[in-house]
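Chains, contacts and geometry: an overview
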Amino acid sequence: MPEMSSSTSTTCPNPDMYSSLSSSSASCCNCSATTEKDDGGVPLLSGQPLKHTKRVCCVAISPNRELLAIGDNDGNVRLWSIKNTLSAAFGTGSSYFARRSKVNLGLKLHAEALSDAEKVIELNPSSYLGYELMHAALRGAHRHDSFEAFTIMLSKLDNTSDPRIRQLHQQYVGLSEVEDAIRRAIHAKLENAPLRLIDTSAGRLCNQDAQINAFMESTKYEELLYSSDMHGPLQTELIKEVVAKYFGWVMLSHRWERKEPLLCDIQGRDIYDLDPVGTVVKLQRFCQVARAAGHRWAWSDTCCIDQNNNVELGESVNSMFIWYHYSALTIVYLSDVLPWSKSGALANSIWNTRGWTVQEFLAPRIVLFYRVDWTLYLDDRSRNHKESVSIMREMERSTGINARALIDFRPGTRDTREKLRWASNRYTTREEDIAYSLFGIFDIKLPVIYGEKRQKALGRLLQEIIAHSGDITALDWVGQSSNFNSCLPADISSYKALPRTLPPLSEHDMQISVSTLRNNIVAVESASKMYATLKNLGIPRFSSARLQLPCIVFPLTEVGRRPGQDGTRCFTYDVKADGLHDLLITMEDKLVEFSPERRTQQTFLLVRPWNRHDLGLINFADQTQGLEGWPKPWSPSDDMLSGYPAHDELATRELRLIVRLAQPFRALLLAQQWGEEYKRIASDINIIAQARDMASVDDMMDVRMLEIL
């Protein structure tokens, strides 16, 4: 069709002619017009209306969308200006531009529709329809640069008399509000993210600013902006979902090998362009697997931390548990598990012996194990190997960690002794890491001081655990004492043995014992006094490597080494103490022998570290029970107290405490140092002591807060 003149004018009062635009043959509308020819000899409609009486064989619209062309069977072509035709049909008021804006929207002519909508608003500033059309045109044209102006325009109408207009502004969300919501979502997500991540698509290391810039330039951001702006309410959940998916990262858990690629080796370079040799291949394959799983970002401890920056290194060590926990996926690479390996290979992998891998498995919610060829372990293609019964059974058997903790671990100082046992068989290349790798497990943050050596690193961790929680189960160990504090072990392996389970007292026997004591006035009074004393006793305090330990104290009266032990590594001693049954103690250290006839100036004590749980009170901060074999919390049930009046409940608690104190307990052997300071004398086996009888309560009244070096 030849290019048509845009200067032609006409009027057509019949809007129904739009129904013929898509037809190849249709009846022309009944109207009248005069015709003239342009320079090309084409008949044009101009001037006054013309009444058409002929059928037309074709209808078309000019390329510039301004003219309507109709041809009849005689070869005549008649043109109408669409603008003038609509104007004639609807006039030039806001309704005309509103109708034309709707038509242009239907034709996806968003710029033209926007122009008409602006005309509607110009002619009628309080037109609800005008703003609706403008909104639709802006969204269709992706004109987010005009959204703020649109919102400001609406705000000026808040005082209009039309209630629909007053509410209209509240139904729309400004661009700045959407951008702020996106920024908040990004900040919340990156708050728990590593400092640097590898872009699995580009192969480059990016800090958080670079990650944000990449998002702002992505189609994901554009789509989120267009899907969220203008129409209220603000879609915060959609924003969080999109941001979380885009910024989600994959963590690598593996055993370090020689010549791992470091930060300096990949910074400013594309990891996929590096020579695929040695451990570089592991890094490349890890990023490829993460990308294939639909994740943009990946992290490896070898190259995403500046090992030469002590501040960053310390921050990373203290944050690593959080990074693994909030990861979208953690990939465990088993470099020594072959493709044809059967169940049990994971348990025997060297990965399962390393110190850092405890938290690297416990912290994340989704974990996948990969063999040396980067195929899934046992060909298990489930989305999360923590949901695999067979793999979790293998992990439980090999680690000694219960299934519940393996699947849904909660960090903190609960069950301290059990968590220390989990790490007791683990090894680390740097000796301090055996302690640093447990910071996240106990939800503790401490300075990272490489070079301080194992004993000090472990001592600082245990000191913080006891000071934070008051949990004395960390004192339950056998082996060598630490130079940091004698009440703490020199090595994590001292927690390897399961805590010795002492014979429990049945509830039946407890009630019989309480009934017996109830008839003994002296015992009842002593029990009340002991209960009040222990209730007011402070909690353990640890500061500057000195332990303030609340204890029930039993002074030693006699120590004698058994004969025939010359040349042996360990020595066995007969020991007597006030208020306790005689006992045997075996240890490597030589003890000072003394007796009532052959005294010594140095004081030796057997002590029962006091645990407030023995009072039977509810700990509202943590109502969980302690480890089996150590003092447990107790609270009498209604059944247990059913035979006693309400006022007698306290007396029952007091007597039950005395019965419990008469049971065997794990004792610490202390030797006096300077003044009232003491040191623990370590033993190769647990020291189990027991009070002579329940009636000798007065022998247990030596309750003190001891300072132990």
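Residues numbered from 1 in each chain as written. Predicted model: local features only at pLDDT ≥ 70, side-chain atom pairs only at ≥ 80, totals over all residues. Heavy atoms only, no water.

What follows is about the overall build of the protein. Per the secondary structure count, the protein includes 22 helices and 23 strands. Split into buried and exposed, the 709 residues of the protein put 48% on the buried side. Pairs at least 24 apart in sequence give 63% of the contacts found in the protein among residues at least 6 apart. By element, 48% of the accessible surface of the protein is carried by carbon and sulfur atoms, the whole surface being about 34,300 Å². (Helix = DSSP H or I, 4+ residues; strand = E, 2+ residues; numbered from the N terminus. Buried < 20%, exposed > 50% of the residue type's maximum accessible area, 1.4 Å probe, protein only. Contact = heavy atoms within 4.5 Å. Areas by Shrake-Rupley, 256 points an atom, 1.4 Å probe, with all protein chains shown as cover.)

This part covers the sheet that holds strand 12 (residues 297-299). Strand order in the open sheet made by the six strands is 9-8-12-11-13-14, with mixed pairing throughout. The open sheet has two free edges, formed respectively by strand 9 (205-207) and strand 14 (367-370), since each of these has just one partner strand. Within this sheet the neighbouring strands show an average axis-to-axis angle of 35°, counted without direction. With four bridges connecting them, strand 11 (residues 249-253) and strand 13 (residues 329-333) associate as parallel partners. Pairing of V250 across the sheet is with L329, part of strand 13. Lying on the sheet, helix 8 (residues 208-216) is in contact with strand 8 (196-199), strand 9 and strand 12; it crosses strand 9 at an angle near 95°. (Pairing = 2+ DSSP bridges. Axes fitted to C-alpha atoms, helices over the stretch in contact; angles between N-to-C directions.)

Here helix 2 (residues 94-106) crosses helix 4 (residues 128-141) at 20°, and the two axes come no closer than 11 Å. The orientation of helix 2 relative to helix 4 falls into the category roughly parallel. Helix 4 is crossed by helix 2, and the crossing has left-handed handedness. Where helix 2 abuts helix 4, its residues A98, S101, K102 and L105 lie against L129, L133, A136 and A137. (Parallel < 35°, antiparallel > 145°, perpendicular 65-115°, else oblique. Left-handed = near helix turned anticlockwise from the far one by under 90°.)

This next bit is on helix 17 (residues 416-423). When you tally the buried positions in helix 17, you get eight out of eight residues, the bulk of the element. Those residues of helix 17 that sit buried are T416, R417, E418, K419, L420, R421, W422 and A423. On its buried face, helix 17 is in contact with helix 14 (357-362), helix 16 (403-407), helix 18 (433-436) and helix 19 (454-469).

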